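# Coordinates in review
Residue-level listing of the chains:
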Amino acid sequence: MTDAPFGRLLTAMVTPMTPDGAVDSAGIGRVVEHLLASGHDGIVVNGTTGESSTLTTQESIDVVRQVVDRVDGRAHVVAGAGSNDTAHAVHLATEMAAVGATGLLVVTPYYNRPPQRGLLAHFRAVADATDLPVCLYDIPGRCGIPIETDTLIALAEHPRIVAVKDAKADLFAATKVMAATDLAWYSGDDVLVLPHIAQGAVGLIGVTTHLAGQKYAALIDAALAGRRQEAIALNRELIAVADAVMNTSQGAIMAKAGLVELGVIERATVRLPLVESTPEHLEKLRAGLAASGLA
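Given the structure is predicted, the values throughout are model-derived calculations rather than measurements. (Residues numbered from 1 in each chain as written. Predicted model: local features only at pLDDT ≥ 70, side-chain atom pairs only at ≥ 80, totals over all residues. Heavy atoms only, no water.)

Taking the numbering used here, the UniProt-annotated feature "site: Part of a proton relay during catalysis" (unreviewed entry) corresponds to Thr48 and Tyr111. Along the polypeptide, Thr48 turns up in the loop between β2 (42–45) and α2 (57–71). Dropping the residues within four chain positions of it, Thr48 is found in contact with Tyr137 and Arg142. Within the secondary structure, Tyr111 sits in the loop between β4 (103–107) and α4 (116–128). Every residue in contact with Tyr111, bar those within four places of it in the chain, is listed here: Asn84 and Cys143. (UniProt positions renumbered as here; feature names shortened; annotations may be inferred. Helix = DSSP H or I, 4+ residues; strand = E, 2+ residues; numbered from the N terminus. Contact = heavy atoms within 4.5 Å.)

Written as structure tokens, this is what we have:
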């Protein structure tokens, strides 16, 4: 089995905020402790669900520093260093390394739609910037382009590019890359963790995991151990909450709302252009939590 360089259960952590939209340091501490108490051996900070696109560069660095300090070696801390500007991504990578991140998550450059040769050059430049291991983040639904199979195979030759967070939902493409490389594969789609593990993935970088960490940890353990029926049963238990978080509004919005429902944070503040959940969405979330045994 391929090693899991960043752990097996990771959450792309929200960034708690005060009512005026400032970063809530106390809330960060509460979310970190909640995740560590619910089966996580890794946390991704400054990713999409952390609202990295509306944090300033300094805020992003400061949030990673706070999480590193709070985790205090108890789990991996993987820092988002994604940008559609390669120079900015390199700067983020070096700053995240300086504040103690143990790995980097680097998303496909978005909006400018570079050719695959551009992706190769971009990811290699970021991986060359520090000594940290790198997880590529393949999410064409947000970035406009996929990291194609041949590109992933070529990137696997870089000594610090060690993993992929796959949110492409192409299981056949995933298995082709896994067969051709030693890249550690992480499901980047909460609802596909079981089929991904069945064909060789090592774990999950999730969002619904904010609310159902222990169940996802048990699912991953059962799937990796070959306890098929147990894994299937857990996967089915999680359908309602995963559907409520991932298919109702937007992941950061719903994850924050869920953390409020569970009493982890006090408010579900997000930054524009995101907006907080409507009453109808909150009802669906509460129903999903209840149906999945999490209320």
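Further notes follow.
With that settled, consider the packing of aromatic side chains. What the rule picks out here adds up to 1 aromatic pair. Considering the side-chain rings of Phe6 and Tyr186, the 6.3 Å spacing of their centres and the 40° angle between planes classify their relative orientation as tilted. On the criterion of sequence distance, the pair formed by Phe6 in the segment before β1 (9–12) and Tyr186 in strand β7 (residues 184–187) is long-range, its members being 180 residues apart. Note that Lys165 overlies the ring of Tyr137, its terminal NZ or CZ placed 4.0 Å from the centroid. (Phe/Tyr/Trp six-rings, centres within 6.5 Å; stacked < 30°, edge-to-face > 60°. Lys NZ or Arg CZ within 6 Å of the ring centre and 35° of its normal.)

It is worth spelling out unusual backbone geometry at this point. Backbone torsion omega between Leu272 and Pro273 reads 15°, so that peptide bond is classified as cis. Here Pro273 is to be found in the loop between α12 (251–261) and α13 (279–291). Residues other than glycine seldom take positive phi values, yet Arg113 does so here, at roughly 50°. By the secondary structure assignment, Arg113 is in the loop between β4 and α4. On the basis of relative accessibility, which here comes to 53%, the residue Arg113 falls in the exposed class. (Buried < 20%, exposed > 50% of the residue type's maximum accessible area, 1.4 Å probe, protein only.)

What follows deals with the environment of Gly188. Within the secondary structure, Gly188 is located in the loop between β7 and α8 (193–198). The exposure class assigned to Gly188 is buried, which follows from its relative accessible area of 17%. Along the chain, Gly188 and Asp221 lie 33 residues apart, while their C-alpha atoms are 17 Å from each other. Residues in contact with Gly188, not counting those within four places in the same chain, are Lys165, Asp166, Ala167 and Ile205.

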